[in-house]
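Here is how the chains run, residue by residue.
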Amino acid sequence: MIRVEVRTIAGELIELDAKPDEQVLTLKEELALQLDIPVECQKLVHELSELKDTDEVSLHCAHATLPLTLLITLESICRSIQFGSSSIQVSALKAFAKVGWKRFACHDAIEAIVACLKSKKTRVRVAALDALKQCNEDVTSALEAALEDSVAAVRRRAVLTLRTVVKSEDLLHAILRRPLHDEDASVRCAALDVFPRLAELDVDILALQLKHREVDVRCSA
């Protein structure tokens, strides 16, 4: 067995045991479990050279211990978001949602994520909305456009994302009056859940929801 010592930029040390023929990708998967950092965001460096995922551990180890440095990057994720197939885009968007906003300014990634809201694939649009939930920049206009999506699941996710992104209560209430009249019950319910004090704002809208034919809508109201 080879002792692998992985040190992060923050100085944290993670020790792993690896078989000589074990691939670097396996190390990254173990690090993903321990550090909650997606494999796509990891770069492992040994003596200034980046290790390839398909490399065997023994290729870089002349002794019983292999010292590595872990770098965190969004380069591969951003490329996947921009140019990958729909399944790759979804995977990259989920990885970004998990780690991106916590560790990076991410200004360059926002445009690519917002562009995914125009994807023909519903799952890509949903994943993009989830990725924007922790965004610190103003993406309100893009989220408002998503409220007009042809798929109810996307419109509902847009409501939920707006709830976390828009900090102004007055602005949020103004935006979400529209989905209160959505043709889909799940979208209306999501919008109603955002308004704990709706009765103070518009009694007429609340009364209409209480008379709705969908039980879930009436319950939310």
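In what follows, the structure referred to is the one given above.
Quick summary incoming for the structure in this document. Because the structure is predicted, anything quoted here is derived from the model rather than measured.

Some details on the overall build of the chain
Helix and strand counts for the chain come out as 12 helices and 5 strands. In the chain, which comprises 221 residues, the proportion classed as buried is 45%. Intrachain contacts of the chain at a sequence separation of at least 6 include 56% that bridge at least 24 residues. Looking at the chain as shown, the accessible area adds up to about 12100 Å², and 50% of this sits on carbon and sulfur atoms.

Notes on the pattern of salt bridges
By the definition in use, this model includes 11 salt bridges. Two residues, Arg-178 and Glu-148, come together in a salt bridge whose shortest N-O distance is 2.6 Å. On the criterion of sequence distance, the pair formed by Arg-178 in the loop between α8 (169-175) and α9 (185-193) and Glu-148 in the loop between α6 (140-146) and α7 (152-165) is long-range, its members being 30 residues apart. Residue Arg-178 is classed as partly exposed on the basis of its relative accessible area, which comes to 36%. Across the salt bridge formed by Glu-183 and Arg-155, the nearest N and O atoms sit 4.0 Å from each other. Linking Glu-183 in the loop between α8 and α9 with Arg-155 in helix α7, this pair joins segments that are 28 residues apart in sequence. Within this structure, Arg-3, Glu-15 and Asp-17 form a network of salt bridges that share partners.

Quick word on the sheet that holds strand β4 (residues 49-50)
Note: strands within a sheet are paired through backbone hydrogen bonds, in either parallel or antiparallel orientation. Across the sheet, which stays open at both edges, the 5 strands sit in the order β2-β1-β5-β3-β4 with mixed pairing between neighbours. Looking at the sheet topology across the chains shown, the edges are occupied by β2 (13-18) and β4.

Regarding the packing of helix α5 (residues 122-131) against α7
For the pair α5 and α7, interaxial distance at closest approach is 9 Å and the crossing angle is 5 degrees. Judged by the inter-axis angle, α5 sits roughly parallel to α7. Contacts from Thr-122, Arg-125, Val-126, Leu-129 and Asp-130 of α5 reach α7 at Val-154, Arg-157, Ala-158 and Thr-161. Of the residues that constitute the contact of α5 with α7, the class distribution is 4 nonpolar, 2 polar and 3 charged.

Concerning unusual backbone geometry
The backbone of Asp-36 sits at a positive phi, close to 60 degrees, despite the residue not being glycine. Its location among the elements puts Asp-36 in the loop between α1 (24-35) and β3 (42-46). Backbone geometry at Leu-48 places phi at a positive 75 degrees, although glycine is not the residue there. Relative to the elements of secondary structure, Leu-48 occurs in the loop between β3 and β4.

Focus on the side chain of Ser-86
Residue position: Ser-86 is located in helix α3 (residues 86-103). A distance of 3.1 Å separates a polar atom in the side chain of Ser-86 from a polar atom in the side chain of Arg-123. Ignoring anything within four residues of it in the chain, the contact list for Ser-86 reads Lys-121, Arg-123 and Val-124.

What about α9?
The buried count for α9 comes to 7 of 9 residues, which makes it a mostly enclosed element. Restricting attention to buried positions, one finds in α9 the residues Ala-185, Val-187, Arg-188, Cys-189, Ala-190, Ala-191 and Leu-192.

The rules we used
- Numbering of residues begins from 1 in every chain and follows the order in which that chain's sequence is written.
- Totals for whole chains, interfaces and linings use all residues, but because this is a predicted model, local features are given only for residues with pLDDT of at least 70 and pairs of side-chain atoms are given and counted only at 80 or more.
- No hydrogens and no water enter the side-chain calculation; it runs on all heavy atoms of the structure.
- Comment: elements are numbered from the N terminus, with helices defined as DSSP H or I runs of at least four residues and strands as E runs of at least two.
- Accessibility here uses a 1.4 Å probe with only protein chains present; expressed as a share of the type maximum, an area under 20% marks a residue as buried, one over 50% as exposed, and anything in between as partly exposed.
- We call two residues contacting when some pair of their heavy atoms lies within 4.5 Å.
- Values of accessible area rely on a 1.4 Å probe in the Shrake-Rupley scheme; residue burial ignores everything except the protein chains shown.
- A pair is scored as a salt bridge if a Lys or Arg side-chain nitrogen falls within 4 Å of a carboxyl oxygen belonging to Asp or Glu.
- Any two strands with at least two DSSP-identified bridges between them are counted as paired.
- Helix axes use the C-alpha atoms of the stretch in contact, all axes being lines fitted to C-alpha atoms, and the angles between their N-to-C directions lie in the range 0 to 180 degrees.
- Angle categories are assigned with fixed cut-offs, so that under 35 degrees is roughly parallel, over 145 is roughly antiparallel, 65 to 115 is roughly perpendicular, and the rest are oblique.
- Classification used: nonpolar for Ala, Val, Leu, Ile, Met, Phe, Trp, Tyr, Cys and Pro, charged for Asp, Glu, Lys and Arg, polar for all others including Gly.
- Between N or O atoms, a polar contact is any pair within 3.5 Å; within protein, one atom must be a potential hydrogen donor and the other a potential acceptor, and residues adjacent in sequence are included only when both atoms are from side chains.

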